[in-house]
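A closer look at the structure
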There are 2 protein chains.
Amino acid sequence: MKNDREGDHHDTLGAVGELDALKRIFPRLPSAAAELIGPGDDAAVLAAPDKRMVITTDMMIHGPDFRLAWSSPYDLGWKAAATNLSDVAAMGAVPTGLVVAIAAPNDTPVSSLEALADGLRESCEALAPGSGVIGGDLSVSTVLTIVVTAFGDLEGREPILRSGAKAGDVIAVSGTLGLAAEGLRLLFDEGVVDGEPDATAAAVVAARHPDAIAAQLRPAPPIADGKAASLAGATAMLDLSDGLAIDARRIATASGVGLDLSSEAVGGRVQLDGGEDHSLLATFPESVTLPAGFRAIGRVVVGKGLLVDGLAYNERGGWDPYAGWDGAAG
Amino acid sequence: MKNDREGDHHDTLGAVGELDALKRIFPRLPSAAAELIGPGDDAAVLAAPDKRMVITTDMMIHGPDFRLAWSSPYDLGWKAAATNLSDVAAMGAVPTGLVVAIAAPNDTPVSSLEALADGLRESCEALAPGSGVIGGDLSVSTVLTIVVTAFGDLEGREPILRSGAKAGDVIAVSGTLGLAAEGLRLLFDEGVVDGEPDATAAAVVAARHPDAIAAQLRPAPPIADGKAASLAGATAMLDLSDGLAIDARRIATASGVGLDLSSEAVGGRVQLDGGEDHSLLATFPESVTLPAGFRAIGRVVVGKGLLVDGLAYNERGGWDPYAGWDGAAG
């Protein structure tokens, strides 16, 4: 978020202050249909007609989670909303609201925060119509940090946990497998100059591989399919954030079963190990007609852990923010 | 959060990784009576028997919001919970749950995160029994960042907003005025060596002025008095975070009235301008017997803005995180 107009600091966060920055950001944020009291008081009030509220939170930190040379402020707003909406959907709930806490460097142009708000709005509108931002906090930090907490309505249904898969169930996925990881690999391979993330190089690779780069920078997870899976009788479900192999093992462990994937249906290694798809992985009783959007990729079996074509699959794969972070590369 | 055992990096966040760190932190967190589904799935589920949920979020950033030489990890956990619980109380609600997102440097000892969890737990237990942590996120950043989102139950009552004060109402406060600011002044005056925050100097000043330092580092806002004020018929209420003068003006503006404070009841300038008390400022109809904990400090009048002893008070005072931050001092 560099200031394009060198020397003109009049519209930076530090110059205009928190309150005036908020005044410019608020009108760009999406409003939530379930909002009873919005921003401006000590707290917001959100409708919870079901008498329960689904709640999830996720941080995005400059360095381990994104590079400003690759992600525009708009992209960051879009992704911060999308990844949290997906965690709500993975419970079988319908997203209703978000609160957004942002800490940004003093020299951040307010226009960058406006673009971030635009990304939040268009993500909510495209992926979970009716959801919106009901509150937040804005502060200063040398490290750009975006924290979204998202809320959802179960509409009277039971939440779909990781622990309900049963031997004989069909394993199915809605959304892409490995595409976001392919986008990240392309950025690391071709979006750098002298080992540093580079905006021009990233633009070139984005023009060549628009789907993969979009999947990484502006993911469009199938939010509505979370409710559809719940209505169809899904026995377990989660959001694919760390990769199919790691996340399928989580269902296996929580449910006390084995998950046997078909290599033909899955594809290859990048589909199995690539993270950040934010697709929905679910299990359904064999008798169920899979809801539109889902495709079968395997079968739940008696046993434990992950199998591929009936053989135990023990590769690790996956993403730990500490292991994966190179603090030097910005 | 320096590592005491130089060279022993086995128990830092970077060495043990996110998942193992979480395994050590989770058992120390308070559980919430209203928790239906806790940490470990894509999202948590919190009971909302009232069909509405009060929601607030607040960030604490190393530098603008705290100094590690002055605040222990325990203090940070305590204060992060307390300040958010207070925003819930200021709506007249009872706090039920928190989600906590923490980003910490790679070399942070896991024991520091355990101490932070202890602070969160003891703060919830002391200030809002029954409330607890239902979920969160842990990530890595060069800047220690703590983001709490807190939830509350209105128990069938209407939320107490800033906009309901009426001419003739009594203005009352529950909690300290200016004590947290006095603590911060003492730390800046006497808790530094060569202009840098210093732990030993801070310990000396804390021993001399335990109440003021505790008010700053481990505030104990009167959480239960929020519900009591609501039951008694409060017409407006807020959490005193930026100082009595600034926050009283907020009620005046939102309600379209004047707030006339008694200088004798308030005390002096530090009581009027000092921030971070997290006391509750409320207005009540004249006919109401003030709930225990509240004391009268003035009267709502026809007019606008803030008055003291009947005269307009236009001093600014207060706290803007951008204006107040010296990035060099750690």
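Residues numbered from 1 in each chain as written. Chains lettered and ligands numbered in written order. Predicted model: local features only at pLDDT ≥ 70, side-chain atom pairs only at ≥ 80, totals over all residues. Heavy atoms only, no water.

All right, on to the UniProt feature "binding site: substrate" (unreviewed entry) in chain A then. Per the UniProt entry, the sites bearing "binding site: substrate" (unreviewed entry) are A:D65, A:E276 and A:W319 in this numbering. When you line up the elements, A:D65 lands in the loop between β3 (52–61) and α2 (73–89). We classify A:D65 as partly exposed; its relative accessible area is 22%. Beyond its immediate sequence surroundings of up to four residues, A:D65 is in contact with A:M59, A:M60 and B:S139. A polar contact of 2.9 Å, which involves the side chain of A:D65, links it to the backbone nitrogen of A:I61. (UniProt positions renumbered as here; feature names shortened; annotations may be inferred. Helix = DSSP H or I, 4+ residues; strand = E, 2+ residues; numbered from the N terminus. Buried < 20%, exposed > 50% of the residue type's maximum accessible area, 1.4 Å probe, protein only. Contact = heavy atoms within 4.5 Å. Polar contact = N/O pair within 3.5 Å; in protein donor to acceptor, adjacent residues only side chain to side chain.)

What follows is about the pattern of salt bridges. Tallied over the full model, the rule gives 43 salt bridges over all chains. Across the salt bridge formed by B:D42 and A:R162, the nearest N and O atoms sit 3.5 Å from each other. Placement of B:D42 in the loop between β1 (35–37) and β2 (44–47) and of A:R162 in the loop between β6 (145–153) and β7 (170–174) is noted, with the two residues assigned to different chains. Accessibility expressed as a relative area gives 7% for B:D42, which makes it buried. Residue B:D118 is joined to B:R121 by a salt bridge in which the shortest nitrogen-to-oxygen separation is 2.9 Å. (Salt bridge = Lys/Arg side-chain N within 4 Å of Asp/Glu carboxyl O.)

Let us look at the relation of the copies chain B and chain A. Relative to chain A, chain B is turned by 180 degrees and slid 0.0 Å along the rotation axis, the superposed coordinates differing by an RMSD of 0.0 Å. These values place the two chain copies in the arrangement generated by a two-fold rotation axis. Distance from the rotation axis, computed per C-alpha, reaches its smallest value in chain B at B:K51: 2.4 Å. Here 100% of the contact residues of chain B are again contact residues in chain A; the copies associate through an equivalent surface. (Least-squares fit on C-alpha atoms with pLDDT ≥ 70 in both.)

This next bit is on the domain arrangement of chain A. One frequently used descriptor of interface size is the decrease in accessible area upon assembly of the parts. Here chain A is partitioned into domain 1 (13–153), domain 2 (170–175 + 221–312) and domain 3 (183–217). Centre-to-centre, using C-alpha coordinates, domain 2 of chain A lies 29 Å away from domain 3 of chain A. (Domains from an automatic or database assignment.)

Time to look at the interface of chain B and chain A. Residue-level contacts link 63 residues of chain B with 63 residues of chain A. Of the roughly 5,000 Å² buried where chain B meets chain A, counting both sides, 63% is carbon and sulfur surface. On the surface where chain B and chain A come into contact, there are four salt bridges. Between the two partners, chain B and chain A, sit 17 residue pairs in polar contact (both at pLDDT 80 or more). With nine residues, the single largest contributor to the side of chain B that touches chain A is strand β3 (residues 52–61) of chain B. Its residues placed into classes, the side of chain B that touches chain A shows 38 nonpolar, 12 polar and 13 charged. (Buried area = accessible area lost by both parts, 1.4 Å probe. Nonpolar A, V, L, I, M, F, W, Y, C, P; charged D, E, K, R; others polar.)

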